[in-house]
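# Chains, contacts and geometry: an overview
Chain residues, written in single-letter form:
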Amino acid sequence: MSKPEFVYTTYIETSAEKLWHALTDGDFTERYWFGHRAASDWKVGSLFRFAKQGKPTIEGKVLESDPPRRLAYTWDPCSTDAERERTSRVTFDIEPRGKVVKLTVTHDNLDEGGKTFRDISGGWPMVLASLKSILETGRVLTIDPPSNVAKERSRA
Amino acid sequence: MLKPAFHYVSYVETTLAELWEALTNSAFTTRYWRDTSVISDWKVGSHVSLAINGLVRWHLQRMAGNFVEPQGPASREDRRRKRMLAALKKMGIATP
């Protein structure tokens, strides 16, 4: 595993199959992933793309696909700022634990101090909280941008 | 921040007051925190104790954010336990 890396674990009251579907179905991701639609056939070597309102946001290639246990893909933001950064990698590990599943998201191969690392560190907690919410309650989260007070605090 | 540090961010659909209550009310913490009661008066400098099924298992001190598990020679643990119980009694919290 390469440094820096972002690792996030959460427990969701759902099945591994439903979680796999939630991660790979475009109609579903659009609902909780703040408008981002995932599209791919999820075969190893295939391309995948995230698009928001038809505009590509993230592109990559499927590296591992073992439904409903493990999914990995490369991650290239479709923005000019991050273009010079190296291609990072996202891995989802799904482990059934009785009535819940343990989801571990590992985002590695990131550039130290890069824009991608900054963006995904703030983004994954929001996406994964919304994913947990939709699977457990059927509702997604609406999250306001940070207030100025919170911004000051996080800087301190 | 001391290294290593564990940092975890989550978003919860609730209010600030309800989340604060969930973190500090021992009757509430036992429901989601594997029977653990978190006991303190939540004043800066006060002790925080974690009790499982009424037995104090962890004794946390706010300073440096580290916690101390009661262990070591029996006499030492007894002294610490006495101090802990006295502190809890002072706060008006029932002790086992």
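Scroll up to find the structure.
Residues numbered from 1 in each chain as written. Chains lettered and ligands numbered in written order. Predicted model: local features only at pLDDT ≥ 70, side-chain atom pairs only at ≥ 80, totals over all residues. Heavy atoms only, no water.

Let us look at the sheet that holds strand β2 (residues 36–39) of chain A. In a beta sheet, neighbouring strands are held together by backbone hydrogen bonds and run either parallel or antiparallel to one another. Residues and elements named next belong to chain A. Taken in spatial order, the seven strands make up an open sheet running β1-β7-β6-β5-β4-β3-β2, and their pairing is antiparallel. Each edge of the open sheet is held by one strand with a lone partner, namely β1 (6–12) and β2. Adjacent strand axes in the sheet meet at a mean angle of 25° when their direction is disregarded. Alignment of strand β5 (residues 70–77) against strand β6 (residues 88–97), held across six bridges, turns out to be antiparallel. Within β6, the residue paired with Ala72 across the bridge is Thr91. (Pairing = 2+ DSSP bridges. Helix = DSSP H or I, 4+ residues; strand = E, 2+ residues; numbered from the N terminus. Axes fitted to C-alpha atoms, helices over the stretch in contact; angles between N-to-C directions.)

This next bit is on the pairing of β5(A). Residues and elements named next belong to chain A. Pairing between strand β4 (residues 55–66) and β5: six bridges, direction antiparallel. Across the sheet, residue Ile58 finds its bridge partner in β5, namely Pro77. Taken together, β4 and the strand that follows it, β5, pair antiparallel across an intervening segment of three residues.

Attention now moves to the pattern of salt bridges. Residue and element names in this part refer to chain A. Enumeration according to the criterion identifies 11 salt bridges over all chains in this entry. Arg37 is the partner of Glu30 in a salt bridge, and the nearest nitrogen-oxygen pair spans 2.9 Å. Using a relative accessible area of 33% as the deciding quantity, one classes Glu30 as partly exposed. By relative accessible area, which is 34% here, Arg37 ends up partly exposed. One salt bridge in this structure joins Asp108 and Arg89, with 2.8 Å as the shortest N-O distance. (Salt bridge = Lys/Arg side-chain N within 4 Å of Asp/Glu carboxyl O. Buried < 20%, exposed > 50% of the residue type's maximum accessible area, 1.4 Å probe, protein only.)

Bringing the interface of chain A and chain B into the picture now. Taken together, the 10 residues of chain A in the interface contact five residues of chain B. Summed over both sides, the interface between chain A and chain B buries roughly 640 Å², with carbon and sulfur atoms accounting for 53% of that surface. Of all residues in chain A, A:Tyr8, A:Pro125 and A:Leu141 bury the most surface against chain B, accounting for 48% of the area lost on that side. Viewed at the interface, chain B and chain A are joined by one salt bridge. For B:Glu13, the salt bridge goes to A:Arg139, with nearest N and O atoms at 3.1 Å. (Contact = heavy atoms within 4.5 Å. Buried area = accessible area lost by both parts, 1.4 Å probe.)

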